[in-house]
Amino acid sequence: YYILAIETSCDETSVAIVRDGREVLSNVVSSQIETHRRFGGVVPEIASRKHVESITVILEEALKVAGVGLADVNAIAVTQGPGLIGALLVGVVAAKSLALALDVPLIGTHHIAGHIYANRLIGEIEYPALALVVSGGHTELVLLEREGEFRIVGRTRDDAVGEAYDKVARALSFPYPGGPHVDKLAQGAEEEIELPRAWLEPDSYDFSFSGLKSAVLAEINRAKMKGEPVREAALARGFQNSVIDVVTTKAMKAAAEFGVRQLLLCGGVAANGGLRAKLSELCGKARLPLLIPPMSLCSDNAAMIASAADLKWRRGEFTSLDMKADPMISLEGWSVGKEPSPS
Ligand code: ATP
Ligand code: MG
Ligand code: FE
């Protein structure tokens, strides 16, 4: 069977064709980064308009690359949320039209379930598993006791990791999105400015990054006030080490506490070189199997949406055509075997 998936939650327009839930035949991604760069971040109205302009072209491209015709498609999956409402709407309207015209089931899909299940496109997930989700809008530890069952055991109380990276990058005058620039600068640094780590309560798996971000901004201001050069690389390293130390320590602790058989790293920040290396090292020592998607499946893409939707496809859990894009949709509520909870 073929699942056609659409992802338009933020600034990537993507369509993928996935065979039997696992085999990616095409995963076409059109990024709007260049458009948004001069504004220093994603402008929601422009994002929606760009999605409208791109969606049919990307759809045709995805079918062509996969060598699949619309008549072969068995289900339409689409990101229902979270994301920018106007951006989500474009994908949802396209998906509904296709499902109606082709008379095939529609599967509204949770974007973060997609990031997590990107890992199922590269390997076999062993349950219980723990996912460390690090993206532009989310930083969460998600326990999966069974396939498609999500329980959030820790989450950020303020900034997401990607958001903190982007803000620090901006203060260091890097273009949007700044995460990869800070990563590169940190990895090449010869020195490190030690920065605080927010551990929160000893038994908490929650995160906080706004204090760390403020510490970086304060150091930049201090240097500028004194007319000293800003030690950018040392600062980037200190910031990156603080983030990595906290997220990996909490992930390993939760993995031990919940007795998981596997750790899954995912989300846009999973592209971070330092994070990938540190987590691989820790999991190696703990003999805990680790899955990390390749870069192309870490950032927003539709193949991961097809992969998550496949959980519901195989259980015959479809979404009504009057489904609405939902920027606040709950991950736990999206678990298999549940009625979607209204938000
Ligand atoms: P969400 O998935 O929470 O809705 P999003 O879809 O906007 O948010 P993603 O596309 O998953 O986020 O990730 C984008 C984020 O990843 C950006 O904040 C970007 O700076 C960050 N990022 C990408 N590569 C790296 C890297 N190498 N190091 C650190 N951050 C990175
Ligand atoms: Mg993006
Ligand atoms: Fe994302």
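Reading guide: rules and limits
- Note that residues are indexed from 1 along each chain, following the sequence as it is written.
- Ligands are numbered from 1 and chains lettered from A, in the order in which they are written.
- A pLDDT threshold of at least 70 governs which residues receive local features in this predicted model, and a stricter bar of 80 or more applies before side-chain atom pairs are shown or counted, although totals over entire chains, interfaces and linings include all residues.
- UniProt positions are given in the numbering used here, feature names are shortened, and annotations may be inferred rather than shown by experiment.
- Secondary structure elements are defined from DSSP: runs of H or I of at least 4 residues count as helices, runs of E of at least 2 residues count as strands, and each element is numbered from the N terminus.
- Each radius of gyration is computed over the set of C-alpha atoms, and the globule rule expresses the reference value as 2.2 Å times the number of residues to the power 0.38.
- With C-beta atoms placed from the backbone, a residue is buried if 20 or more other C-beta atoms are within 10 Å of its own, exposed if 12 or fewer are, and partly exposed between those counts.
- The criterion for a residue being near a molecule or strand is a backbone-placed C-beta atom within 6 Å of that molecule or strand.
- Asp, Glu, Lys and Arg are counted as charged, while Ala, Val, Leu, Ile, Met, Phe, Trp, Tyr, Cys and Pro are counted as nonpolar; the rest, among them Gly, fall into the polar class.
- A pair of strands counts as paired when DSSP detects no fewer than two bridges linking them.
- Lines fitted to C-alpha atoms define the axes here, with helix axes fitted over just the stretch in contact, and angles between the N-to-C directions of these axes take values from 0 to 180 degrees.
- Contacts here follow a simple rule: the backbone-placed C-beta atoms of the two residues must lie within 7 Å.

- As recorded in an unreviewed UniProt entry, the chain goes by the name tRNA N6-adenosine threonylcarbamoyltransferase, listed as coming from Cohnella faecalis.
- The Subcellular location (unreviewed entry) comment attached to the chain in UniProt states, word for word, "Cytoplasm".
- The UniProt entry for the chain carries this comment under Sequence similarities (unreviewed entry): "Belongs to the KAE1 / TsaD family."

1. Some thoughts on the overall build of the chain
Link 1 in the chain: Along the backbone of the chain there are 11 helices and 10 strands.
Link 2 in the chain: On C-alpha atoms alone, the chain measures out to a radius of gyration of 20 Å, which is about the 20 Å that the 2.2 N^0.38 rule sets for 343 residues.
Link 3 in the chain: Projecting the C-alpha coordinates of the chain onto the three principal axes gives extents of approximately 65 × 45 × 35 Å.
Link 4 in the chain: When the 343 residues of the chain are sorted by exposure, 50% land in the buried category.

2. Observations regarding the site of ligand 1
Link 1 in the chain: Around ligand 1 sit 25 residues in total, of which Gly136, Gly137, Gly162, Gly179 and Gly268 are the nearest.
Link 2 in the chain: Mapped onto the shell around ligand 1, the elements with two or more residues apiece are helix 4 (111–117), helix 5 (161–171) and helix 6 (179–187).
Link 3 in the chain: Considering only residue class, the shell around ligand 1 consists of seven nonpolar, 15 polar and three charged.

3. So, the sheet that holds strand 3 (residues 23–31)
Link 1 in the chain: An order of 3-2-1-4-5 is seen for the five strands of this open sheet, with the pairing classed as mixed. Both edges of this open sheet fall to strand 3 and strand 5 (106–110), since each of them pairs with a single strand only. Sheet twist, expressed as the mean angle between neighbouring strand axes with direction ignored, is 20°.
Link 2 in the chain: In this structure, strand 1 (residues 2–7) lies alongside strand 2 (residues 12–19), joined through six bridges in antiparallel fashion. Opposite Glu7, over in strand 2, you have Ser14 as the bridge partner.
Link 3 in the chain: Contacts from helix 3 (residues 85–102) reach strand 1, strand 4 (75–81) and strand 5, with the element oriented near 160° to strand 4.
Link 4 in the chain: Lying on the sheet, helix 11 (residues 302–313) is in contact with strand 1, strand 2, strand 3, strand 4 and strand 5; it crosses strand 1 at an angle near 125°.

4. Brief notes about the UniProt feature "domain: Gcp-like" (unreviewed entry) in the chain
Link 1 in the chain: Annotation from UniProt places "domain: Gcp-like" (unreviewed entry) at residues 23–306.
Link 2 in the chain: The span residues 23–306 is 49% helix and 16% strand, and its two end C-alpha atoms sit 10 Å from each other.

5. Examining the pairing of strand 6 (residues 129–134)
Each regular strand carries side chains that alternate between the two faces of the sheet.
Link 1 in the chain: Among the six residues of strand 6, six are classified as buried, and the element is accordingly described as predominantly covered.
Link 2 in the chain: On strand 6, burial covers both faces: Ala129, Ala131 and Val133 on one face and Leu130, Leu132 and Val134 on the other are all buried.
Link 3 in the chain: In this structure, strand 6 lies alongside strand 7 (residues 139–144), joined through six bridges in antiparallel fashion. The residue bridging Leu130 from the neighbouring strand is Leu143, located in strand 7.
Link 4 in the chain: Between the end of strand 6 and the start of strand 7, which pair antiparallel, lie four residues.
Link 5 in the chain: Two strands pair when backbone bridges link them, and strand 6 and strand 9 (residues 262–266) are joined in this way by five bridges, in the parallel orientation. Following the sheet pairing, Leu132 is matched in strand 9 by Leu265.

6. A short note on the UniProt feature "binding site: substrate" (unreviewed entry) in the chain
Link 1 in the chain: Residues annotated by UniProt as "binding site: substrate" (unreviewed entry) correspond here to Val133, Val134, Ser135, Gly136, Gly137, Asp166, Gly179, Asp183 and Asn272.
Link 2 in the chain: Secondary-structure assignment places Val134 in strand 6.
Link 3 in the chain: Assessed through the 30 C-beta atoms surrounding it within 10 Å, Val134 is described here as buried.
Link 4 in the chain: Beyond its immediate stretch of four places on either side in the chain, Val134 contacts Thr139, Val161, Gly162, Val247, Gly267, Val269 and Ala270.
Link 5 in the chain: Locating Gly179 in the fold gives a position in helix 6.

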